[in-house]
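Spelled out, the chains give:
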Protein chains: 2
Amino acid sequence: MSLLSSFYPNALMVVGASADPTKRGFQSIRSLLRDGFAGDIYPVNPRLNELLGLTCYASIEEVPANPELALVCTPAASLLDVIQSCGLKGVKTSIVLASGFAEAGEEGQALQSKAVALAKRFNMRLVGPNTSGVFNTHAKMNLVGFTHLTAGPLGILSQSGNMALSLVTEGSTQLHSGFSSYVGIGNAADLDFHEYLDYFASDKGTGALITYMEGLTDGQAFLKAARSFTANKPLVLYKSGKSESGQRSAKSHTGALAGSYQVAKGVMRQAGVVLVDQPDHLLPVAEALATQPLPAGRRVAVLADGGGHATIAADELDALGLPLAELSASTQAALKALLPKGAAVSNPIDVAGGTDSNPMNFAHCIELLLADPSVDQLLLVGLFGGYALRFDASLAEAEVNTATAIAKLAKASGKPVLVHSLFALNKPAPLQELVEEGTPVYASIETACASLKALVDYAEYRKRISDDDWLTGRGEPSLRVERLVQKVRAEGRTALLEPEAKQLVSAFEVALPEQHWLTHSKELDSLPDELLAQPLAMKVVSQDILHKSDAGGVLLNKQGLNALKAGWQKLYANALHFAPEARLDGVLLSPMADPKGTEVILGVTYDKQYGHLLMFGLGGIFVEVLKDVVFRSLPLARSDAWDMLAGIQAVKVLEGVRGQPPVDKGALVELLLKISALVTAHPEIAELDLNPVRCFRDGYAVLDARMVLFSAAANKSPQQDKRPKQPQAALVH
Amino acid sequence: MSLLSSFYPNALMVVGASADPTKRGFQSIRSLLRDGFAGDIYPVNPRLNELLGLTCYASIEEVPANPELALVCTPAASLLDVIQSCGLKGVKTSIVLASGFAEAGEEGQALQSKAVALAKRFNMRLVGPNTSGVFNTHAKMNLVGFTHLTAGPLGILSQSGNMALSLVTEGSTQLHSGFSSYVGIGNAADLDFHEYLDYFASDKGTGALITYMEGLTDGQAFLKAARSFTANKPLVLYKSGKSESGQRSAKSHTGALAGSYQVAKGVMRQAGVVLVDQPDHLLPVAEALATQPLPAGRRVAVLADGGGHATIAADELDALGLPLAELSASTQAALKALLPKGAAVSNPIDVAGGTDSNPMNFAHCIELLLADPSVDQLLLVGLFGGYALRFDASLAEAEVNTATAIAKLAKASGKPVLVHSLFALNKPAPLQELVEEGTPVYASIETACASLKALVDYAEYRKRISDDDWLTGRGEPSLRVERLVQKVRAEGRTALLEPEAKQLVSAFEVALPEQHWLTHSKELDSLPDELLAQPLAMKVVSQDILHKSDAGGVLLNKQGLNALKAGWQKLYANALHFAPEARLDGVLLSPMADPKGTEVILGVTYDKQYGHLLMFGLGGIFVEVLKDVVFRSLPLARSDAWDMLAGIQAVKVLEGVRGQPPVDKGALVELLLKISALVTAHPEIAELDLNPVRCFRDGYAVLDARMVLFSAAANKSPQQDKRPKQPQAALVH
């Protein structure tokens, strides 16, 4: 990973160095010198001999070394020359600040493409163009011009320079543990999200990564890199552009529901990313993830020095699904012995004045709470840190000692401990001590609770992937499927008929109810008596009628030969009334399914960013009105399938409500995995809806299936769609 | 309103004055002197002659004046003596800090009751006990000991002293417009929420009120006072204790769903209260409401100096249901002329560097935007205020001038203008200028957007109450209802039979489908042929069977005499199998209702805090699984009824989905109002469920009704339940 060496360079060039203190070509060099950057700095500017005590070179060629990294501050027009010179000089990575490229229109786009192609010839990578730059506090290399940076574990990867500035400013006005590296991806003409993820993954200085993302060009590469990243380090992401409704002219439910944010939520969760709904949560959530161990469970102990804050914390935790720990009798007794009579010793704990004159009692309480096996995480809320401000200045020393003790207890326990203080923004000494010793401090209870939830989410992810079978949702191509696809394509079609779609999924061992596809009504006469004795569902089969119900193409509960013959006539008449030119391919008969059961929908769609997606939801009003569905990218691991079932809002419906039996979740998970295997093995499937699937106490019945293939002409495997924007990393480095 | 004069006193006593700087008896006097309190201060302490230059009196009796207000700092045990002396001295209001009363157990409760009774004899009111105190910055009277108070328009009424401290500390660490009065309600032994609301309503120094509430003892008095308050000033409330599930052993859906927070949400909204979900929103939302005019509509213009913040703002606004204003062509042209080529001039506006060297361009843009009639509110997001910090110190003056200009434009426009700045917590001069001139500044885009939403909600409330008919949902008692109630009670029952309940609601002109209640199966023989020719629904009538379906007590689609007779037998057999001792009162027959239609549920329950509540929701899975219901207190205004329909999550279902016709909303609103009139006129109704009500394109059919009365013994009007805790204000003052 050569970005790692480029961002910890032994030497760097500043192309377009400047004597103007408002220019980056000056600011960056000033920062490097002030911060004590250990490598060599080579300013380049033909009009300067010296800058801030450094020799200035008239051209890149004249630089008497081969720096690995170049900061390019010159305007867009100069870029091709600069790249040529840098390339010849052996520069591995250039950070290009100038704007005027793809973001500025066609001409800029053309220049950008040329620049990328040229850099590629030299095996040189580009950051940007149109980036606000890069910093790496651990290398004392600040090429952005942000001030008041503290070195620490938090990385920032951002598609907006202003958002990075927001985060850095937020850090500087609040207590926080400090930043490691920042990369502004700018236009991402060359290096893109996933490659920066690899950098942050390998950077020992980064404990957790904050990412601000507007859009992605290669979602699948991102997900792959994210999965690999989050297997070791937490990744906190805010995705803007939520309100862009993914406007598609798709015919299927699945396609229509694949609005970008709902999809992003699903696939990011699947990749272990902690997606936050508010940008305000990025920094505080990352603080917790970077500094705290992963909790073994969800149960939280809340310690407070007043009822108000305790109640608010309990409310917030309840809303987030984090239960209050049920303390053991011995813990409660020990707390009782420690605290005044009025104290509440069942969780949440209210010390009731028991710390007012003796803050160290907080540490004693925390020691007891962390030792209780029922406690997975601890949250202290209230006034701690401000006792000297609020009560008596003489408490200052005791409070700092308490902070030291708390941080030590937290570390020793291996459990997450977060502190809320209403004095957090005053940054008093005890709170500074806490943060320095690795215990994060929050000004907002709501944010602290959201951070506890993120710790739980990430811990649960790490736990479930540790023993997951990643291969379950992959499949081998099936000859039966391939033949059917060939047949359909040979007929010039992309949409499969219902019986074809069902045959196709059955090749992957999806259990289907008995069905009989008759192409002529005469065939009714030779149906077995057994079948004629049952009430049957009749559906017209026609490649020209996609939504059979709308066309009067479905009849239910038809029993006996006469009823079936009359039904056939009716179906054909309805179909021809609905679509006079329709080609009719017969009728599909199947015994009526048990009417008791919960209907769900499974759908597959192909997303330009993330590839094949699988959607799951409850049928009917839940999917059509409430849009209560979840998405995952394919292939699916077994735990992903379980996570999908648990992810719908109305999850309780799966347990059986209003007299319905509970759903056979095990069978449903298998079905999701089989569809995943099918589509992974046969990426020529563009859309697939099993809708509805009626679920019973045991098993399920696929009542309808729709499937559309990519046209053979377009591509056999849609992955080839993607523009091969980036050279393979392996080739370059 | 004598609290008003008490909290702007000409003179006050501090009972329990102290020379110890850590005691309130010292701190309060120091604050009064330092802040320049204009009235006379009388410290009382038998062991001091002089305190901070003031004469100190040995007893209350010796004070040479009749101060209206007393701050009582002495311990609980002294309270009765102090009240006696204060009462004789003519003190009107005493603020009692001591704890050790109701919150400390039975003994304390007894002492508290005695204190209230004694005070009442002197027509004296008590704040507290167990209160953190009171401040009034406009009277320069700080009796709490909070520091760094700025005088301004925001009142605070809090059930937790720590929450008030949180708010004041938040204010002191951020830019904000300042506080007016604070009251800690403490134990609310005498003065309670609603009476303080009246104070804040009449206090000219308060522009908006922030309230932190844990629980209420007199919810109806609060709602009444709140309605009156919010007709003139905004009230922002955070209600904690959300997770206390209102555990009731109620038999009805309505009762079971009346969990406290869901109810609080409904009734607070009905009273015009802005309920915030997070305590973090209290101060910022109140800032906007106190300083900004009410918007004429929901449309927002977003002005940004970078894409990231613009996108985030657009996302947040979209999530809150606030549309981006569609700017006129002329506004867009004028913006284009003003800004560089790359600027985005359709909303959200991105100045694309057009302000970097000339911040005043912000004011020019804002002038154009505010002049556009499509813009109801404006939000500026990004770096403004920090240009001198980020770009060049020389911009400082231009930025302050820009701030002055923006605040002036905002005022002149009569439209709300809010500013987000990532430098807000740095409090640079331009942002200070904005806040001083009445334009609030936010560090968080999410919070700024939530504040815009609160402005819209409150404006819409003010608009709808201005032309509402408040009497629609009240009714006059009906003789028919009274007779039926008497009959039921005479039989020793409280639960009505289904046909009785239906008769009862029909007295208030609720349209009911045709029904025939037969008490003997022989009566089937004399049914009109017309009825026998139709398919009928049959339901067993029994006071011992509440849930008929569970008992097999409902048969559908029975047609003809024989089927009805067989049905009767079956119903009776099922009922006796289910409840062998059940008294059976016959069978109810009604023609089958149109099966097409959307089922809703209306329910009435009696809530100890808020009195009679009306619940509305969609039937079936929506109420049982999703709990998608709304509550309002009775009586209902017409606009409340419309607001209920609009308030359910799945509101789209009312428009007709999955082939259902749309619901006749007008008829449903009338039905809600009729039920309101019925229950208002007959408060002896304890529970009422119309479930389901099937709604059609025209009208509705009430398919089942359940009603339970309060027992005659308990009370005729349940309002008499309430302990008459407070003396009537009119009697006292």
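Scoring rules and cut-offs
Residues numbered from 1 in each chain as written. Chains lettered and ligands numbered in written order. Predicted model: local features only at pLDDT ≥ 70, side-chain atom pairs only at ≥ 80, totals over all residues. Heavy atoms only, no water. Helix = DSSP H or I, 4+ residues; strand = E, 2+ residues; numbered from the N terminus. Buried < 20%, exposed > 50% of the residue type's maximum accessible area, 1.4 Å probe, protein only. Contact = heavy atoms within 4.5 Å. Pairing = 2+ DSSP bridges. Expected span 1.5 Å × (residues − 1). Arc of directions from axis to C-beta. Axes fitted to C-alpha atoms, helices over the stretch in contact; angles between N-to-C directions. Disulfide = S-S within 2.5 Å. pLDDT = per-residue confidence, 0-100.

Along the backbone of chain A there are 25 helices and 30 strands. For chain A, the spread of C-alpha atoms along the principal axes amounts to about 100 × 80 × 35 Å. Considering chain A as a whole, with its 733 residues, one finds that 59% of them fall into the buried category. Put simply, of all contacts in chain A between residues at least 6 apart along the chain, 72% involve residues at least 24 apart.

All names here are of chain A. Counting buried positions along strand β27 (residues 629–633) gives five out of five residues, so the element sits mostly inside the fold. Of the two faces of β27, the one holding V629, F631 and S633 and the one holding V630 and R632 are both buried throughout. Here strand β26 (residues 611–618) pairs with β27 via five bridges, running antiparallel. Bridge pairing in β27 places M615 opposite F631.

This paragraph deals with helix α4 (residues 106–121) of chain B. Residues and elements named next belong to chain B. Between the first and last C-alpha of α4 there are 23 Å, a value that for 16 residues agrees with the 22 Å anticipated at 1.5 Å per step. When we look at burial in α4, the residues that qualify are G108, Q112, A115, V116, L118 and A119. Projection of α4 onto a plane perpendicular to its axis shows the buried side chains occupying an angular sector of 165°, all on one side. Residues of α4 that are exposed and point over 90 degrees away from its buried face: E106, E107, K114 and R121. The inward-facing, buried residues of α4 contact α3 (79–89) and β7 (125–127). Looking one or two residues beyond α4, the residue adopting positive phi is N123, at roughly 55°.

In this section: the sheet that holds strand β23 (residues 554–558) of chain A. Residue and element names in this part refer to chain A. With antiparallel pairing, four strands are arranged side by side in an open sheet as β21-β24-β22-β23. Pairing within the sheet leaves two strands with one partner each, and these edge strands are β21 (516–518) and β23. Strand-to-strand twist in this sheet, taken as the mean axis angle between neighbours without regard to direction, amounts to 20°. Of the pairings in the sheet, the one linking strand β22 (residues 536–540) to strand β24 (residues 587–591) comprises five bridges and is antiparallel in character. Opposite A537, over in β24, you have S590 as the bridge partner. Each of β21, β22, β23 and β24 is contacted by helix α21 (residues 561–578), which is oriented at about 30° to β22, the strand it contacts most.

Residues and elements named next belong to chain B. All told, the structure shown has zero disulfides over all chains when counted by the stated rule. Just so you know, C449 is unpaired, no disulfide at all, and the nearest cysteine sulfur is the one on C365, 19 Å from it. Here C449 falls in the buried class, since its relative accessible area comes to 0%.

Moving on, we come to the sheet that holds strand β14 (residues 274–275) of chain B. Residues and elements named next belong to chain B. Taking strand neighbours across the sheet as the criterion, the seven strands line up as β9-β8-β11-β10-β12-β13-β14 in an open arrangement whose pairing is mixed. Two strands bound the open sheet, and with one partner strand each, they are β9 (141–142) and β14. Across two bridges, the pairing between strand β13 (residues 235–239) and β14 is parallel. In the sheet register, L237 faces β14, and the bridge partner there is L275.

Now for the environment of D318 of chain A. Residues and elements named next belong to chain A. When you line up the elements, D318 lands in helix α11 (residues 307–320). We classify D318 as partly exposed; its relative accessible area is 47%. Separated by 89 residues in the primary sequence, D318 and A407 place their C-alpha atoms 26 Å from one another.

Glancing now at the environment of R269 of chain B. Residue and element names in this part refer to chain B. With respect to the helices and strands, R269 occurs in helix α9 (residues 260–270). Along the chain, R269 and N562 lie 293 residues apart, while their C-alpha atoms are 54 Å from each other. Setting aside anything within four residues of it in sequence, one finds R269 in contact with A264, Y461, R464, R632 and D643.

For chain A, the mean per-residue pLDDT works out to 91, and 94% of the residues sit at or above 70. Scoring the predicted complex yields pTM 0.92 and, for the interface, ipTM 0.90.

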